[in-house]
Structures are given as C-alpha cells and as structure tokens.
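Examination of the molecular architecture
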Amino acid sequence: MSNFNIRVIPFQSVDYDKEVALRYAVLRKPLGLQFTAEQLAAEGEFIHLGYFENENLLACLILAPEANGKIKMKQVAVAAEMQGKGFGAQLVKGAEALAAEKGFTLMYCHARDTAVPFYEKLGYKRVGAMFEEVTIPHWEMEKDL
C-alpha cells in the first residue's frame, strides 16, 4: 500500500540528495545548467519540502523566508512522469499552509512563463513585467496567505 505525504527535507540528508537530483533533472539539465557548490551551500537556511510516496520523492520545493511577512517559493520540481497528476499543486498548498502557520502573509515566486497557468489555478497573480532568469522568461507571481 502506498503512503503519500509531504514532509520537511533536512538539509544535507539522503532526502536532500534526492531533492537536488530531482531539481537538477527537471529544472537545470534541460537548460544545460548545473548547480554550483556555493548555490547548494547557501540552501541550508531555507525550508525544503518534499512530496513523497513511501521513500520516493515525487515533487519538491524550497521556501526562503524574507522580511515583512514574505516568503519566496523556489525551485518547484515534479518528477517528469508525475507531472499533471496534482502532486505539485498539493505540495504548493502544503507549503502555503506551513508558511501561514509560521506567520508569513505573502508567498511569491519567479514562475517560468510555461508554469504561469499552473500558479494562476492556485490563486497566484502576476506582478510586474516578464523578465529573464536562468536563460528563460519568468514572471513574479504572488498570493496572500
């Protein structure tokens, strides 16, 4: 029997290694990009969340707390074979609940142009103009928690 759950991923754990591998496969490799040691070392201060089926990581994201009640959602990735099945949406909703529980009032992200419809379905609104990040078009999107 499958056991699905969302849980915090401890930094530099076995599950963190799975998270980095998933983010690389979904977000970086298709763009010909790598993570640098400095980028990964800086992730210790962030909250890492994963959507698991038993011990298999299906989706992940990072929350980066900021000032004034804001928290940034970053590096949202869903395993290619699991995309379109609702795992990413469930993970984002779980992240929103966790952020609200911790007292944050606004969640925002830099969404790839292709992901804008996904975030809009979850209640996020575009803010400002399109910009380029990691070589591709992005939009800042936000949602009150």
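Read on for an overview of the structure. (Residues numbered from 1 in each chain as written. Predicted model: local features only at pLDDT ≥ 70, side-chain atom pairs only at ≥ 80, totals over all residues. Heavy atoms only, no water.)

1. A word on the nonpolar core
Defined as follows: In plain words, nonpolar cores are sets of buried Ala, Val, Leu, Ile, Met, Phe, Trp, Tyr and Cys residues tied together by side-chain atoms within 4.5 Å. Between buried and exposed lies partly exposed: a residue is buried under 20% and exposed over 50% of the maximum accessible area for its type, with that area taken using a 1.4 Å probe on protein chains only. For helices the rule is a DSSP run of H or I covering at least 4 residues; for strands it is a run of E covering at least 2, with both sets numbered from the N terminus onward. Here a residue-residue contact requires only that any non-hydrogen atoms of the pair lie within 4.5 Å.
Ranked by size, the top nonpolar core spans 40 residues in total, and within it Leu61, Leu63 and Met73 carry the most contacts. Taken together, the elements giving at least two residues each to this core come down to helix H1 (14-28), strand S2 (47-53), strand S3 (56-65), strand S4 (70-78), helix H3 (87-101), strand S5 (106-112), helix H4 (116-121) and strand S7 (136-144). For Leu61, the residues in contact, after removing those within four places along its chain, are Ile47, His48, Leu49, Met73, Lys74, Gln75, Val76, Leu91, Val92 and Ala95.

2. Thoughts on the pairing of S4
Stated precisely, the cut-off is as follows: Strands are labelled as partners when DSSP assigns at least two bridges between them. Orient the strands so they point away from the viewer, and a crossover whose first-strand-to-second-strand path over the helix runs clockwise is right-handed.
In terms of burial, S4 is a largely internal element, seven of the nine residues being buried. Bridging between S3 and S4 involves six bridges; their strand directions are antiparallel. Bridge pairing in S4 links Pro65 to Ile71. Two successive antiparallel strands, S3 and S4, enclose a turn made up of four residues, where Asn68 displays a positive phi of approximately 60 degrees. Where S4 and S5 come together, four bridges link them in parallel fashion. By the bridge assignment for S5, Ile71 is matched with Met107. With H3 bridging S4 and its parallel neighbour S5, the resulting β-α-β unit is right-handed.

3. What to know about the pattern of salt bridges
Let me state the cut-off plainly: Definition used for salt bridges: Asp or Glu carboxyl oxygen within 4 Å of a side-chain nitrogen of Lys or Arg.
Under the counting rule described, the total for this entry stands at seven salt bridges. As a salt-bridge pair, Asp15 and Arg7 come within 3.3 Å of each other at their nearest N and O atoms. Note on Asp15: relative accessible area 14%, which makes it buried. A salt bridge links Lys143 to Glu96; the nearest nitrogen and oxygen atoms lie 3.1 Å apart. On the criterion of sequence distance, the pair formed by Lys143 in strand S7 and Glu96 in helix H3 is long-range, its members being 47 residues apart. Given a relative accessible area of 10%, Glu96 falls into the buried group.

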